[in-house]
Amino acid sequence: MREAGWSRELTGTLVAAACAVGVLPMLVSTYTLTVLVIYGMLGLSLGLVWGFGGILCFGQAAFFGLGAYTYAIAAINIGESTVPMLLAVAIPAGFAALLGAMLFYGRLTDVYLGVITLVVTLILHRFMNATAGSDYVIGNARLGGFNGIPGFQTLNVPGHPASYVWGDSLYYFCAACLLLVYLLVSALLRSSFGRIAVGIRENETRAALMGYDVPARKTVMFTAGAAIAGLAGALFANWAEIVTPRLFSLGQSADIIIWCIVGGLGTRIGPVLGAAGLSYLKFLLGQQGLIHNSVVSGAILVLFVLFLPGGIAPVLANAWRSVTQRRPRRRSPRRRGPRSSLASGDA
Amino acid sequence: MDFILVIVVEVLYAIGALVLISAGLAVIFGMMRVINLAHGEFMMLGGYATITAVDLGVNVFLAMLVLAPAVVGVLGLVVERLVIRHLYGRLIDTMLATWGLSLLFVGIVTMVFGNTTTGISTPIPGFALGDYQVNGYNFFIVLVAAALLFLMLAVLRSTRSGLIARGTMQHADMAASLGYNPDRIYMLTFACGSALSGLAGAVLAPLVGLVPTSGGAYIAKAFITVIAGGPALIAGLASSAGVFGLINQIFSFAVSPVVGEVALLVAAVVLLRLLPRGITDRLFRESL
């Protein structure tokens, strides 16, 4: 049964993704779409950690920025993009594993966890802002302080440093990455690891009493989220062609949390849609000067917490279900009519 | 000798500033368990209220010590009635809603005052201490912080309203059955906390160039000070501000101000890892 459900979901996801990837470039330029896809991946990373792992990480931007910086620094030193891409996933993941082990084995929860992840992000932000000048060099790469690192090798076909992946092909590459990550996340959540992670989210003590190693499982979940955020960071570096300390800023972390809340926690597609939708809204709002951007995002966050704390995805899912189930429900009384009279006759 | 005196003054100033920054949050988060991420913006608004009042010709001390807390206190009242009231007991939701509020305030202030730096000059002149120039305003900050701690202690410990507020925060049902209205007490406590934030923002305003996003600089410090302080409100505030202020200034003098900031944050992470429930969970347990 489960295998059948999985293959049906796989087909559905692939078809829907193919349609979306094919249709959207007719409506929005691929340059904008690329960053929406990247933000979607970033939203998904927190959606996994927070929505399914129950770990509210205020510092998802730290892993995003770390991925971007790792890519930029490695690309300058290596001059070819394959190894830097891998490093940009591995280093944030390793950092998250260390940080997560420190936090979860210390039994820090909710508020304390949030504050420490926030503080770590702030430390990175301050530090990166202060790294101007020739003292701060990794290999050939100058960290550049407030101005960031420009001019690194962007994504190329593996083994061919001169054939760049950019423009439309970067968009399709990012979309493929997002789809792959989405499917991996789906598979992870279907595995026993994913179901136990949800169990830990629901009741940590119960999971621990049943003999599961809660800190280890939380650390792995945290690390997986950081790896995804790191990949998103590397792709962002390729899209923007510059990395700056702004990637570590509190505003960036706030955005990711807002995407998850608006999209719908505890769903996979919600944070992706929330990220892409709100970023596009921000892009449109940026083109007018009347209302400041953060007034709108602030108001959205307050209103969602007060009136729609579950986010948009559950509402959409319910609407979809009521649309698809309306017809059978209308027919069913007629079909069931004789059967029920038969049943009552039997009784 | 003079150098040591200067360092002592700077350390005292850093501790005083941390106490001021965290006092409002200690009431709102420490007592009420509302994670107020708009705390920094309350401070920023206190600063803007002061600057606007001074520009309109109000005496600067009146503006800082009376007007700004009043304005921000009323704002806190409105925020509590409209938003926070619905979210008591939902820790994560208070955090998200107040983050939304902070973005909202930043946006509104940017639209009204523009994205430029404003400020007022310090009302107390500096003076020379041996070979060094000392900012006289630092003493004022230390004084206000000390007075604030004593005032909070006096109110919470020796007045009837302080007792009622503490009791309600511990056991709202019990307070209700004794005839006090918890809804009203929560509202007033939140307003008091907001007023303290406004006061802090106002008193610190002459020292910083104020921009709409200044609040972000305070929020992390305020939270780590309050959380590291632990369950005892005032003893926790004083002790953690003491530890962090000392560490910050030592590293600032030894290396550079940026390293001082980073050292403060690292110290917070280490301290929380060692004492996850804060300093006063182990020490000064019976104090307030």
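Just so it is clear, the model here is predicted, and its values are computed rather than measured.

Chemist: Account for the overall build of chain A, with residues named and values stated.
Modeler: What chain A contains, in helices and strands, is 13 helices and six strands. Against the 2.2 N^0.38 benchmark of 20 Å for 347 residues, chain A shows a C-alpha radius of gyration of 23 Å, consistent with a compact globule. Each of the three principal axes of chain A carries a C-alpha extent, and together these read 90 × 50 × 45 Å. Evaluated residue by residue, chain A yields a buried proportion of 48% over its 347 residues. Intrachain contacts of chain A at a sequence separation of at least 6 include 78% that bridge at least 24 residues. Accessible surface, chain A as shown: approximately 16,300 Å² in total, 65% of it carbon and sulfur.

Chemist: Quick rundown of the overall build of chain B? Include the residues and the values.
Modeler: Summing up its helical and strand segments, chain B has eleven helices and two strands in all. The N-to-C order of helical and strand elements in chain B reads α-α-α-α-β-β-α-α-α-α-α-α-α. Relative to the 2.2 N^0.38 estimate, which gives 19 Å for 288 residues, the radius of gyration of chain B is 19 Å and therefore close to what a compact globule would have. Its C-alpha atoms give chain B principal-axis dimensions of roughly 65 × 45 × 35 Å.

Chemist: Outline the nonpolar core, listing residues and values.
Modeler: By size, the foremost hydrophobic cluster in this structure holds 188 residues, and its most contacted members are Met 41, Phe 222 and Val 243 of chain A together with Phe 223 of chain B. Ranked by residue count, the leading element in this core is helix H2 (residues 30–52) of chain A, at 14 residues. In this structure, Phe 222 of chain A is in contact with Val 49, Ile 55, Cys 57, Phe 63, Ala 96, Leu 99, Gly 100, Phe 104 and Thr 117 of chain A, ignoring residues within four places of it in sequence.

Chemist: Give me helix H4 (residues 91–113) of chain B: which residues, what numbers.
Modeler: Residue and element names in this part refer to chain B. Taking 1.5 Å per residue as the helical rise, H4 with its 23 residues ought to reach 33 Å, and the 32 Å between its terminal C-alpha atoms agrees with that figure. Counted residue by residue, H4 has 17 buried out of 23 residues, so it is predominantly covered. Just past H4, the residue Gly 114 takes up positive phi, approximately 85 degrees.

Chemist: Hey, could you go over the side chain of Thr 50 of chain B for me, with residue numbers and the actual values?
Modeler: All names here are of chain B. Within the secondary structure, Thr 50 is located in helix H2 (residues 39–55). Taking relative accessible area as the criterion, Thr 50 reaches 0% and is therefore assigned buried. Filtering out sequence-adjacent residues up to four positions away, Thr 50 remains in contact with Ala 63, Met 64, Ala 68, Ile 120 and Ala 202.

Chemist: Describe in detail the packing of aromatic side chains, supporting the description with residues and values.
Modeler: All names here are of chain A. As enumerated under the stated definition, the model contains 21 aromatic pairs over all chains in all. Pairing Tyr 280 with Phe 283 gives two aromatic rings, centres 5.9 Å apart and planes at 25 degrees, and the pair type is stacked. Placement of the pair is Tyr 280 and Phe 283 together in helix H11 (residues 269–285), with a separation of three residues, close to one helical turn. Judged by relative accessible area, which is 27%, Tyr 280 ranks as partly exposed. On the accessibility criterion, Phe 283 (37% relative accessible area) is partly exposed. Among the aromatic side chains, those forming a connected cluster through ring pairs are Tyr 31, Tyr 39, Phe 64, Phe 236, Trp 239 and Trp 259.

Chemist: Help me get a handle on the interface of chain A and chain B, residues and values and all.
Modeler: At the interface, 36 residues of chain A touch 40 residues of chain B. A combined buried area of about 3,300 Å² lies between chain A and chain B, and 84% of that area is made up of carbon and sulfur atoms. Taken together, the links from chain A to chain B amount to one salt bridge. Ionic pairing is found between Glu 261 of chain B and Arg 126 of chain A, a salt bridge with its closest N-O pair at 2.8 Å. Where chain A meets chain B, there are three residue pairs in polar contact (both at pLDDT 80 or more). Broken down by secondary-structure element, the contributors of at least two residues to the side of chain A that touches chain B are helix H4 (82–105), helix H5 (110–129), helix H10 (250–263) and helix H12 (293–307) of chain A. Along the lines of polarity and charge, the residues of the side of chain A that touches chain B split into 28 nonpolar, six polar and two charged.

Chemist: Explain unusual backbone geometry to me, and be specific about the residues and the numbers.
Modeler: Here Glu 241 of chain A, not a glycine, exhibits a phi torsion of approximately 60 degrees, which is positive. Checked against the element boundaries, Glu 241 of chain A lands in the loop between helix H9 (214–240) and strand E6 (242–243). Phi angles above zero are rare outside glycine, and Arg 33 of chain B is one such case at about 55 degrees. Along the chain, Arg 33 of chain B turns up in the loop between helix H1 (2–31) and H2.

Chemist: Describe the environment of Gly 67 of chain A, naming the residues involved and giving the relevant values.
Modeler: Residue and element names in this part refer to chain A. Inspection of the secondary structure puts Gly 67 in helix H3 (residues 60–78). Relative accessible area serves as the criterion here: at 0%, Gly 67 is assigned to the buried category. Not counting residues within four places of it along the chain, the set of residues in contact with Gly 67 comprises Ala 88, Pro 92, Gly 230, Gly 233 and Ala 234.

Chemist: Now, about H10 of chain A: what can you tell me, with residues and values included?
Modeler: One turn of an α-helix holds 3.6 residues; hence residues three or four places apart share an orientation. Residues and elements named next belong to chain A. With 14 residues, H10 should cover 20 Å at 1.5 Å per step; its first-to-last C-alpha distance of 20 Å lies within 8% of that length. The buried count for H10 comes to twelve of 14 residues, which makes it a mostly enclosed element. All of the buried residues along H10 are Gln 252, Ser 253, Ala 254, Asp 255, Ile 256, Ile 257, Ile 258, Trp 259, Cys 260, Ile 261, Val 262 and Gly 263. Within two residues after H10, Gly 264 carries a phi angle of roughly 125 degrees, on the positive side.

Chemist: Lay out the pairing of strand E5 (residues 160–164) of chain A with the relevant residues and their values.
Modeler: Residue and element names in this part refer to chain A. As defined by bridge partners, strand E4 (residues 156–157) adjoins E5 across two bridges and the pair is classed as antiparallel. Residue pairing for E5: Val 157 is matched across the bridge by His 160. Between the end of E4 and the start of E5, which pair antiparallel, lie two residues, with Gly 159 showing a positive phi angle near 90 degrees.

Chemist: A description of the pattern of salt bridges should follow, citing residues and the corresponding values.
Modeler: Residues and elements named next belong to chain A. Enumeration over the complete set of coordinates arrives at ten salt bridges over all chains. In this structure, Arg 201 engages Glu 202 in a salt bridge whose closest nitrogen and oxygen atoms are separated by 2.9 Å. A network of salt bridges, in which partner residues are shared, links Glu 9, Arg 190 and Arg 268.

Chemist: Could you give an account of the packing of H2 of chain A against H10 of chain A, with specific residues and numbers?
Modeler: All names here are of chain A. Relative to each other, H2 and H10 sit at 70 degrees, their axes nearing to 9 Å. By the angle between their directions, the pair H2 and H10 is classed as roughly perpendicular. For the pair formed by H2 and H10, the contact residues are Tyr 39, Leu 42, Gly 43, Leu 46, Gly 47 and Trp 50 on the first element and Gln 252, Ile 256, Ile 257, Trp 259, Cys 260 and Ile 261 on the second. Class assignment for the residues of the contact of H2 with H10 results in nine nonpolar, three polar and no charged.

Chemist: Quick one: what's the story with the environment of Gly 76 of chain B, residue by residue and with numbers?
Modeler: Note on placement: Gly 76 of chain B falls in helix H3 (residues 60–82). Excluding residues that lie within four positions of it along the chain, Gly 76 of chain B makes contacts with Phe 42, Phe 190 and Ser 194 of chain B.

Cut-offs and rules
- Residues numbered from 1 in each chain as written.
- Chains lettered and ligands numbered in written order.
- Predicted model: local features only at pLDDT ≥ 70, side-chain atom pairs only at ≥ 80, totals over all residues.
- Heavy atoms only, no water.
- Helix = DSSP H or I, 4+ residues; strand = E, 2+ residues; numbered from the N terminus.
- Rg over C-alpha atoms; globule rule 2.2 N^0.38 Å.
- Buried < 20%, exposed > 50% of the residue type's maximum accessible area, 1.4 Å probe, protein only.
- Contact = heavy atoms within 4.5 Å.
- Areas by Shrake-Rupley, 256 points an atom, 1.4 Å probe, with all protein chains shown as cover.
- Core = buried A, V, L, I, M, F, W, Y, C linked by side-chain atoms within 4.5 Å.
- Expected span 1.5 Å × (residues − 1).
- Phe/Tyr/Trp six-rings, centres within 6.5 Å; stacked < 30°, edge-to-face > 60°.
- Buried area = accessible area lost by both parts, 1.4 Å probe.
- Salt bridge = Lys/Arg side-chain N within 4 Å of Asp/Glu carboxyl O.
- Polar contact = N/O pair within 3.5 Å; in protein donor to acceptor, adjacent residues only side chain to side chain.
- Nonpolar A, V, L, I, M, F, W, Y, C, P; charged D, E, K, R; others polar.
- Pairing = 2+ DSSP bridges.
- Axes fitted to C-alpha atoms, helices over the stretch in contact; angles between N-to-C directions.
- Parallel < 35°, antiparallel > 145°, perpendicular 65-115°, else oblique.

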